[in-house]
Amino acid sequence: MSDSAQHHRAVEGAEGVEGVEGVGHWLPTTIDTSVAHIARVYDFFLGGKDNFPADREAAARILKGNPGMRDTCREQREYLRRAVRYLAGNGIRQFIDIGTGLPTQENTHEVAQKVAPDARIAYIDNDPIVLAHARVLMADQDHGRTVFIHADAREPAKLLADPALTDVIDFTQPVAVLLIGILHFLPDSENPAELIRALLDVVPAGSYLAISHGTPDFAPEMGDAVQAAYQASSMPCRVRTSTEVMALLKGVELVDPGLVLLAEWRPDGPVPANRQQITYAAVGRKVS
C-alpha cells in the first residue's frame, strides 16, 4: 500500500466513524488538528505527510530557532535504531517505546525483530492519528508480538496497569524502556524524574533505559530559541543541562560512551562535523 493510501485509510478511520477498533483499544474519534502535536511536527521534520497546518506553522517557528532541526530529528531516529540494535544484541527481548510518534522506516519492532524475531514491543503514544496509522500497519503486515497503546506518559501508573501492555510485556524479565525525544517535553512541574522512577521500579535488574534529551549546553541561544518556539505553539518544552539530565538517570549505570551527543552514541560511521548539536543521548542498565 502506498504512503498516501495508508494516510487516507488511517485518518478516515480515526475520524469517520463513532469508534475505531485499534490494537487492543478503541481509538478516540476527536482529533484536534487545529493545535500542533509533537508527533506530527516531528513527522514534518522527517519529511512525512501526516501533519496539518498548525503542525507546519509550529515547525516553521522551530526552524527559525534551529535551522538544522531536520538533521537533529534524523540523527535522533538513527540513534534510536542503533540503541535498539545494541539492546537486542545484548539479550533484550522486550521493548516499551514511549512517545513513539508516527510510524516511519525502521521502527523499533523492525530493528529489534531483525536481530531477535521473538522480540516483543509495546508502543505508547497519546496522539490518535499515531494509533490510527498503527492500526493500518498492524493489519497489513505480521509484526509478531507488537502492540500500540493510546496512553499518556504523564500517567505512568495507569499506563503500566494497562492490560494491553501486560499482555505483551513480562515484567519479571528484562525490559528496555525507550524515552526518545520525549523528556524535554515534560516541564519540571510534570516531574520527568518521577516518570522514570515509576518505570524503573517495575522492571527487574538487567533492564535498560534509553533516552534522548534536548540541551542548551553547546548552543545556549539556539536551545533557548527552540524551547521558546515550542512553547509559543502550545507545546511545553524544557531543555536541560548535562547535570540536569544526569539527575534524571539516577538508578541506571550508563553504558559506554555515557551521556554524549546523539551522533556520538556508538556511531556507525564518521560523526558529522561543524554542526551545532542540541540533543544528548544515553543508554543505562538497571543493576539492582
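Within each chain, residue numbers correspond to sequence positions counted from 1 in written order. Local features are withheld for residues below a pLDDT of 70 in this predicted model, meaning they are given only at 70 or higher, and side-chain atom pairs are given and counted only at 80 or more; totals for whole chains, interfaces and linings count all residues. Side-chain numbers here rest on the full set of heavy atoms in the structure, without hydrogens or water.

The name an unreviewed UniProt entry assigns to the protein chain is S-adenosyl methyltransferase, from the organism Catenulispora acidiphila.

Moving on to helix 4 (residues 69-89). One full turn of an α-helix is made of 3.6 residues, so residues set three or four places apart face in the same direction. Note on conventions: DSSP H or I runs of at least 4 residues are helices, E runs of at least 2 residues are strands, and numbering of each starts at the N terminus. Helix span, expected: 1.5 Å multiplied by one less than the number of residues in the helix. Its 21 residues place the ends of helix 4 30 Å apart at the C-alpha level, agreeing with the 30 Å of an ideal helix rising 1.5 Å per residue. To sort residues, take the accessible area from a 1.4 Å probe on protein chains only and compare it with the maximum for the residue type: under 20% means buried, over 50% means exposed, and anything in between is partly exposed. In terms of burial, helix 4 is a largely internal element, 15 of the 21 residues being buried. Of the residues trailing helix 4, Gly91 is marked for its positive phi of about 95 degrees.

Before going further, it helps to examine unusual backbone geometry. For residues besides glycine, phi is generally negative; the peptide bonds are generally trans as well. Cis rather than trans, the peptide bond between Asp256 and Pro257 has omega equal to 10 degrees. One non-glycine residue, Asn191, adopts positive backbone phi at about 50 degrees. With respect to the element layout, Asn191 can be found in the loop between strand 6 (176-179) and helix 9 (192-202). Look at Asn191 and you get partly exposed, because its relative accessible area is 29%.

Now for the pairing of strand 10 (residues 279-285). In summary, the side chains of a regular strand alternate between the two faces of the sheet. Where burial is concerned, most of strand 10 is hidden: six out of the seven residues are buried. Between any two strands, at least two bridges found by DSSP are needed for them to pair. Relative to strand 10, strand 7 (residues 208-214) runs antiparallel, the two sharing seven bridges. By the bridge assignment, Ala210 is partnered in strand 10 with Val283. Both strand 8 (residues 253-254) and strand 10 contribute to a ladder of two bridges, which runs antiparallel. Looking across to strand 10, one finds that Leu254 is bridged to Gly284. For strand 9 (residues 260-261) and strand 10, the ladder comprises two bridges, and the chain directions are antiparallel. Within strand 10, the position partnered with Leu261 by the bridge is Tyr280.

Quick look at the environment of Thr108 now. Along the polypeptide, Thr108 turns up in helix 5 (residues 108-115). The class of Thr108 is buried, set by a relative accessible area of 2%. Taking the C-alpha atoms as reference points, Thr108 and Asp97, separated by eleven residues in sequence, lie 7.6 Å from one another. Contacts between residues were defined by any pair of non-hydrogen atoms, one from each residue, lying within 4.5 Å. Residues within four places of Thr108 in sequence aside, it is in contact with Leu80, Val84, Phe95, Asp97, Ile121, Tyr123 and Leu178.

Parts of the prediction with low pLDDT should not have their coordinates interpreted in detail. In the predicted model, the protein chain carries a mean pLDDT of 85, and the fraction of residues at 70 or more is 85%. Throughout residues 1-29 the model reports pLDDT below 50, and contacts reaching past four residues in sequence, or to other chains, amount to 50 contacts. Across the chain, each position has a pLDDT score giving the predictor's confidence in that residue, from 0 to 100.

The subject of this paragraph is the nonpolar core. For this analysis, a nonpolar core means a set of buried residues of the types Ala, Val, Leu, Ile, Met, Phe, Trp, Tyr and Cys, connected via side-chain atoms within 4.5 Å. In terms of nonpolar packing, the biggest core is built from 36 residues, with Ile98, Val177, Leu179, Leu183, Leu209 and Ile211 touching the most fellow members. The greatest single-element share of this core, amounting to five residues, is contributed by helix 9. What Ile98 contacts, discounting residues up to four positions off in sequence, is Ile124, Ala153, Leu159, Val177, Leu178, Leu179, Ile180, Ile182 and Leu199. One finds Val130, Phe148, Leu178 and Val255 within the second-largest nonpolar core, a separate group that totals 35 residues.

Moving on to the side chain of Asn51. Its location among the elements puts Asn51 in the loop between helix 2 (38-45) and helix 3 (53-65). Polar contact is defined as a pair of N or O atoms within 3.5 Å, subject to the rule that within protein one atom must be able to donate a hydrogen and the other to accept it, and that residues adjacent in sequence are counted only when both atoms are side-chain atoms. Of the polar contacts made by the side chain of Asn51, one reaches the side chain of Asp43; its length is 3.0 Å. Here Gly48 takes part through its backbone oxygen, which lies 3.2 Å from a polar atom of the side chain of Asn51.

Time to look at the packing of aromatic side chains. Geometry of aromatic contacts follows a simple scheme: Phe, Tyr and Trp rings, the Trp one being its six-membered ring, pair when their centres are within 6.5 Å, and the pair is stacked under 30 degrees between planes, edge-to-face over 60, tilted otherwise. Under the criterion given, the structure shown has seven aromatic pairs. Ring centres of Tyr86 and Tyr208 lie 6.4 Å apart, and the angle between their planes is 90 degrees; on these two criteria the pair is classed as edge-to-face. Here the residue Tyr86 occupies a position in helix 4, and Tyr208 occupies one in strand 7, the gap between them amounting to 122 residues. Take Tyr208: its relative accessible area is 7%, and that puts it in the buried class. Both rings, one in Tyr86 and one in Trp265, keep their centres 5.7 Å apart while their planes meet at 85 degrees; by these two values the pair is edge-to-face. Here Trp265 lies in the loop between strand 9 and strand 10 and Tyr86 lies in helix 4, a separation of 179 residues in the sequence. Accessibility expressed as a relative area gives 16% for Tyr86, which makes it buried. Placement of a positive charge over a ring is assigned whenever Lys NZ or Arg CZ falls within 6 Å of the ring centre and within 35 degrees of the normal to the ring plane. Sitting over the ring of Trp265, Arg266 keeps its end group 5.5 Å from the ring centre.

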